[in-house]
Amino acid sequence: MNKAVGRQHRAGRLFIYGCLLLVAVYYLVPLFVMIMTSLKPLDEIRTGSLLGLPLNPTLEAWRVAWGSACTGVSCEGLKGYFWNSVFMVVPAVVISTMIGAFNGYVLTQWRFRGSDVLFGALLLGCFIPFQVVLLPMARTLGFLGISGSVAGLVFVHVIYGVAFTTLFFRNFYVNIPRELTNAARIDGAGFWLIFFRIVLPLSPPIIVVSVIWQFTQIWNDFLFGVVYSAGNQQPITVALNNLVNTSTGVKQYNVDMAAAIIAALPTLVVYVVSGKYFVRGLTAGSVKG
Amino acid sequence: MRKLASAAMVAVMSVCLITGVKAGEVEVLHWWTSGGEARSAAELKRLLEAKGHTWKDFAVAGGGGESAMTVLKSRVVSGKPPTAAQIKGPSIQEWGDEGVLATLDEVAKQGGWDELLPAVVANVMKYKGSYVAVPVNVHRVNWMWVNPDIFKKAGAKIPTTWDEFIVAAEKIKAAGYIPVAHGGQAWQDSTTFESVVLGIGGADFYRKAFVDLEPSALNSPTMIQAFDVLRKIKHYTDKDAPGRDWNLATAMVINGKAAMQFMGDWAKGEFTAAGKKPGVDYECVAAPGTAGSFTFNIDSFVMFDVGAGSSQEAQMALAATIMEPEFQEVFNLNKGSIPARLNMPRDKFDSCAHTSMDEFVASAKTATLVPSMAHGMSTFSSVQGAIYDVVTKFYNDDKMPAEKAAETLAAAVKDAR
Amino acid sequence: MPVSHSKTFFKDLASAAALERLLPKLVMAPTFVVTLVFIYGFIFWNAWLSFSSSRMLPRMDWAGFTQYVRLFSNDRWWVAAENLAIFGGLFIVLCMAIGLFLAILLDQQVRLEGAIRTVYLYPMALSFIVTGTAWKWLLNPGLGIEKLVRDLGFENFTFDWLVDPEKAIYTVVIAGVWQSSGFVMALFLAGLRGIDDTIIKAAQVDGASLPSIYWRIVIPSLRPVFFSALIILSHIAIKSFDLVMALTGGGPGYASDVPATFMYAFSFTRGQIGLGAASAMMMLAAVVAIIVPFLYSELRRGRNE
């Protein structure tokens, strides 16, 4: 390799890593503050610098947040609420992602008259402020007999998530050459066969995006969770909110921060695990057949 | 043998008749989810369960009950209201208008509530003459929390009028301390402002302005003067105040950074948590010009109509339990407030609470007992919100003249009614 | 639409062919019904409310345009609307620019890609109920960045946007970009990964430089991703509620109020549902005015291709 090109290359790499690192700092500072705070005893937070390292690091706040912080009249921390959220999030994410994939497939490969208008209407609709929905939806859920149940929450999350999953898949599938599916049709493949044999194998990156989005939105949702869940089925965000909020009590910042990080762990796990499906070449490989 | 059996049956039946308890379930919507408040709510749960009923917790914290109100409205709309919900002040009347509340007159008669409760408190709990709500506590809002150490070092005297306040604040500032610890949030701005209005205009003026909402009082020279004082107070706060939580402002007084804070008696919890003693490490005094007056903020539970049957039994038991001295004492010791019912043993309470109790009774006699505007005791939430907007706008916009603020206040209140 | 003669399924059934033809529409049908009822039905319901005198609970009477008149004479509403314009514009542009930039950098066979990607994405995972507190501390002049830099010896350094009514909304932009740009990065990364490698390699063989390949070939082919990102970001911007509540609470005063917090406050906290409904209608009207042209051009373009 030419020496000058090599140097240029190295400078380029340096630039890339420099930028990535610099931005990473911006992203990490708040997390740093949160972790440091969660490791300090309350006295140190009250008197010391917020950005400083803990003088007497302790995991006490994490223990309290997990097992003994009050979230109402019961003081058992966040641990009991984890599964509530899981039972709500998993079906809601799976169903809404599936529907989104089917919709995106129809909207790009099987267009019919009015399909674009339908898509447009769907997108426009997702701008409806959720606060508008609360009361009529409460009445609807009461009417359907699923108010205050996990099923009701899943229902609501699927309804208001489909617009986005459809958007993701539609805009990804638009780039799949029509010749590919047309050729399959000439070969006699039907609607589902083409989807499962040709379209779905191309989809991992966008499935990851869709799952990340839906999982995060639903896991972190507070408004629907608090309004449509019954007492002992409240999702973890509601518990977190109860834990950190106090109208006239003493604020325990270390416990708050630990609890926030605990509540976010499943989402982080999803990010790490799903990340490997971002690998390049999947698409190119399949397109080339 | 047969006789014995029937005697036993009679005995069992009579026990049932005497106690008349059918175990029921109560679902209680509240926002006491942390620390002392949660412990207090748990105490209520324990007392109720001792009577054989079950408690289904429905805790929704956030924004002083804002989230809980949203949830409550959805639940009522979906046709499944909770048994009881934490609602206070004139909002009780709004819910009464919707026709969804249960009446507690029978329990009230049995418990003699009319004798136990001061008339001012009882009136808030009634809708069209019937009890629909139960009070748990009385907060005093017009407190000033003082760090006596700083006053001593600055050679200043704890002010009893707003003129003295300016003198003292100047000295404290000159000595290098922050005179007033403040958190720049709309409700805190208004909490300070209502103490100023009370201190300058007196109880009658306060009532005309914030209870009767008379335009002639809202847009008056007295109100303009109050706005001017509010701006002076701002002058004595630090520049990092906007957005600060009230408890951090209290911490400034505790840590000796700031000399005073205007805040209700829940601030006491922060002092206690930091191991400080009233009269030694800190002082609780009435805000300048408001000695002898009492701005009250009463927390209460409203009971919803849940139909007849076991849940109604449980509901009535809940109402009775809340009024019991045992609960009122434990709850208020935890929360820094004083019991809503009169003639309670007071030896467990501290000196600040004693002052509060005395002034509560005294002010009721001299008609200087007024509802807190900033805490939703004097108006509907729409009007309260409109006042908040004007006060906080004025507080944060140094270019807005006090005359303009008073004028806007009268207009905004009229618009929101 | 071509009729498919499936050899594997339903070969002999005439009705099966009809079913196959109907299938795409059948698949879309649930979405259609749900959209009609739970989105447009509710929008209609809200529109009705905005013409009623509803206060604490919905009441279906007729009050004409009273609520709109009150809304337009409310100073706070105009502050909120202006803030949304500032916040929305900056937020969308910055997120897109940073997201695209990071995605391109990450797409250069970077080592530790997985770790770096997770670092960029994690802010989305955290509930703003609490991260708001961390940001509040960082941006607070007496506690956070300003104090830190001053302690390092730069005595005159000031960064007090959080407590300045004129600038508070920009701190919301900082925290908002922090939270959302990582996801935009993921969107662009997915798009980049969907592009056929051979095109880039062919261009490289032709001697085109990397930046020009991206500028001329790669970025234009990401058009649908830009569209997705725009929709997602404007959705976040318009609905940003937690962000503002946790960071500034709409303050100082109501200087950083946005329509979503305005609407929530009036509908639920202040018992003025009618006024809240009117503000929601104005938000929707603004969305229609801004998004529909984009939508139209994007969908028409898709059809012509």
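Residues numbered from 1 in each chain as written. Chains lettered and ligands numbered in written order. Predicted model: local features only at pLDDT ≥ 70, side-chain atom pairs only at ≥ 80, totals over all residues.

*Asks:* Looking at this structure, I do not really get the overall build of chain B. What am I missing?
*Replies:* Across its full length, chain B holds 19 helices and twelve strands. For chain B, the spread of C-alpha atoms along the three principal axes comes to 95 × 45 × 35 Å. Looking at chain B residue by residue over its 417 residues, the buried ones come to 57%. Long-range pairs, those at least 24 residues apart, make up 78% of the contacts in chain B between residues at least 6 apart in sequence. (Helix = DSSP H or I, 4+ residues; strand = E, 2+ residues; numbered from the N terminus. Buried ≥ 20, exposed ≤ 12 C-beta atoms within 10 Å, placed from the backbone. Contact = placed C-beta atoms within 7 Å.)

*Asks:* I would appreciate a short explanation of the overall build of chain A in the present structure.
*Replies:* Regarding its fold elements, chain A presents 14 helices and zero strands. When the helices and strands of chain A are listed from N to C terminus, the series reads α-α-α-α-α-α-α-α-α-α-α-α-α-α. For 289 residues, the compact-globule formula gives about 19 Å, and the C-alpha radius of gyration of chain A, at 24 Å, lies well above that figure. Projecting the C-alpha coordinates of chain A onto the three principal axes gives extents of approximately 75 × 75 × 25 Å. When burial is assessed residue by residue, chain A has 53% of its 289 residues classed as buried. A separation threshold of at least 6 residues defines the contact pool for chain A, and within that pool the share at least 24 residues apart is 73%. (Rg over C-alpha atoms; globule rule 2.2 N^0.38 Å.)

*Asks:* Can you help me understand the domain arrangement of chain A in this one?
*Replies:* Interface size is commonly expressed as the accessible surface area that is lost when the partners come together. Residue and element names in this part refer to chain A. When cut into domains, chain A gives domain 1 (3–58) and domain 2 (79–288). A straight line from the C-alpha centre of domain 1 to that of domain 2 covers 31 Å. The partner domain 2 presents seven residues to the six residues of domain 1 that form the contact. Counting residues per element, the ones that place at least two in the side of domain 1 that touches domain 2 are helix H1 (3–39) and helix H2 (42–47). (Domains from an automatic or database assignment.)

*Asks:* How should unusual backbone geometry be read in this particular structure?
*Replies:* For residues other than glycine, phi is negative in most cases, and the peptide bonds are mostly trans. Positive phi outside glycine occurs at Asn343 of chain B, with the angle close to 55°. Within the secondary structure layout, Asn343 of chain B lies in the loop between helix H16 (325–335) and helix H17 (351–366). Although it is not a glycine, Gln109 of chain C sits at a positive phi angle of roughly 45°. Along the chain, the position of Gln109 of chain C falls in the loop between helix H3 (75–106) and helix H4 (113–125). By the C-beta count within 10 Å, which is 9 here, Gln109 of chain C ends up exposed.

*Asks:* Explain the domain arrangement of chain B to me, please; I cannot follow it from the model alone.
*Replies:* Residues and elements named next belong to chain B. Looking at chain B, the domain boundaries give domain 1 (20–139 + 297–353) and domain 2 (143–295 + 372–416). Counting from both sides, the interface comprises 15 residues of domain 1 and, opposite them, 15 residues of domain 2. Of all the elements in the fold, those that place two or more residues in the side of domain 1 that touches domain 2 are helix H4 (91–97), strand E11 (294–303) and H17. A breakdown of the residues in the side of domain 1 that touches domain 2 according to their chemical character gives three nonpolar, eight polar and four charged. (Nonpolar A, V, L, I, M, F, W, Y, C, P; charged D, E, K, R; others polar.)

*Asks:* Would you mind going over the confidence of the model for chain B with me for this structure?
*Replies:* Predicted coordinates in areas of low pLDDT are best not read in detail. All names here are of chain B. Chain-level pLDDT for chain B is 89 on average; 94% of the residues reach the 70-or-more range. Every residue in residues 1–5 scores below 50 in pLDDT, and together they form zero contacts with partners more than four places removed in sequence or on other chains. A low-confidence stretch, residues 9–19 (pLDDT under 50), is modelled with zero contacts involving residues beyond four sequence positions or located in other chains. Overall fold confidence (pTM) sits at 0.86, and the ipTM for the predicted complex is 0.81. (pLDDT = per-residue confidence, 0-100.)

*Asks:* I tried to follow the sheet that holds strand E7 (residues 143–146) of chain B on my own but got confused; where do I start?
*Replies:* The strands that make up a sheet are held in pairs by hydrogen bonds between backbone atoms, and each pair lies either parallel or antiparallel. All names here are of chain B. Taking strand neighbours across the sheet as the criterion, the four strands line up as E8-E9-E7-E10 in an open arrangement whose pairing is mixed. Strands at the two margins of the open sheet, each flanked by one partner only, are strand E8 (178–180) and strand E10 (283–286). Neighbour to neighbour, the strand axes of the sheet diverge by 20° on average, direction disregarded. With three bridges joining them, E7 and strand E9 (residues 258–262) adopt antiparallel strand pairing. Directly across from Trp145, in E9, lies its bridge partner Gln261. (Pairing = 2+ DSSP bridges. Axes fitted to C-alpha atoms, helices over the stretch in contact; angles between N-to-C directions.)

*Asks:* Can you walk me through the interface of chain B and chain C in this structure?
*Replies:* Chain B puts 26 residues into the contact, and the matching count from chain C is 25 residues. Looking at the side of chain B that touches chain C element by element, the count peaks at eight residues for helix H18 (residues 381–396) of chain B. The class makeup of the residues in the side of chain B that touches chain C is seven nonpolar, nine polar and ten charged.

*Asks:* Got a minute to help me understand the interface of chain C and chain A in this structure?
*Replies:* Facing 85 residues of chain C, the contacting portion of chain A comprises 81 residues. Top contributing element to the side of chain C that touches chain A by residue count: helix H1 (residues 14–50) of chain C, with 17 residues. Here the residues of the side of chain C that touches chain A are counted per class, giving 57 nonpolar, 19 polar and nine charged.

*Asks:* Can you walk me through the nonpolar core in this structure?
*Replies:* Counting residues in hydrophobic clusters, the biggest one holds 319 residues, and the most contacted among them are Ala259 of chain A together with Val302 of chain B. In terms of residue count, helix H7 (residues 168–193) of chain C provides more of this core than any other element does, 16 residues in total. Non-local contacts of Ala259 of chain A, meaning those with residues more than four positions away in its chain, are made with Ala65, Ala69, Leu78, Leu240, Leu243 and Val244 of chain A. (Core = buried A, V, L, I, M, F, W, Y, C linked by C-beta atoms within 7 Å.)

*Asks:* Which parts of the structure should I look at to understand the pairing of strand E6 (residues 133–140) of chain B?
*Replies:* Remark: a regular strand shows side chains that alternate across the two faces of the sheet. Residue and element names in this part refer to chain B. Across the eight residues that make up E6, a large majority, eight, are buried. Bridge count for E6 against E11 is seven bridges, and the pairing is antiparallel. Among the inter-strand pairings, Ala133 is bridged to a residue of E11, identified as Val302.

*Asks:* Can you walk me through the packing of helix H10 (residues 204–220) of chain A against helix H13 (residues 253–275) of chain A in this structure?
*Replies:* Each packed pair of helices is defined by two parameters, the angle between the axes and the distance between the axes. Residue and element names in this part refer to chain A. Contact geometry of H10 with H13 gives a least axis separation of 10 Å together with a crossing angle of 175°. Put simply, H10 runs roughly antiparallel to H13. Only Pro266, Thr267, Val270, Tyr271 and Ser274 of H13 make contact with H10, whose side of the interface consists of Val208, Val211, Ile212, Phe215, Thr216 and Trp219. Of the residues in the contact of H10 with H13, the class split is eight nonpolar, three polar and no charged. (Parallel < 35°, antiparallel > 145°, perpendicular 65-115°, else oblique.)

*Asks:* Sorry if this is basic, but what is going on with the environment of Gly145 of chain A here?
*Replies:* Residue and element names in this part refer to chain A. The topology assignment puts Gly145 in the loop between helix H6 (130–144) and helix H7 (150–173). We classify Gly145 as exposed; it has 9 C-beta atoms within 10 Å. Taking the C-alpha atoms as reference points, Gly145 and Leu167, 22 residues apart in sequence, are found 31 Å from one another.

*Asks:* I'm lost on H10 of chain A in this one. Help?
*Replies:* Along an α-helix, a turn takes 3.6 residues, which lines up residues three or four apart on a common side. Here H10 of chain A contains 17 residues, and its C-alpha end-to-end distance of 24 Å stays within 8% of the 24 Å for a straight helix at 1.5 Å per residue. With respect to burial, H10 of chain A is a largely interior element, 15 of its 17 residues being buried. (Expected span 1.5 Å × (residues − 1).)

*Asks:* How should the environment of Lys80 of chain B be read in this particular structure?
*Replies:* Inspection of the secondary structure puts Lys80 of chain B in the loop between helix H3 (66–77) and strand E3 (84–86). C-alpha of Lys80 of chain B to C-alpha of Phe304 of chain B: the two residues are 224 residues apart in sequence and 9.9 Å apart in space. Apart from residues no more than four positions distant in its own chain, Lys80 of chain B is found in contact with Gly142, Ser147 and Gly148 of chain A together with Arg75 of chain B.

*Asks:* It is not clear to me how helix H12 (residues 236–244) of chain A should be interpreted in this structure. Could you clarify?
*Replies:* Of all nine residues making up H12 of chain A, nine are buried, and the element is well covered by its neighbours. Along H12 of chain A, the positions that sit buried rather than exposed are Ile236, Thr237, Val238, Ala239, Leu240, Asn241, Asn242, Leu243 and Val244 of chain A.

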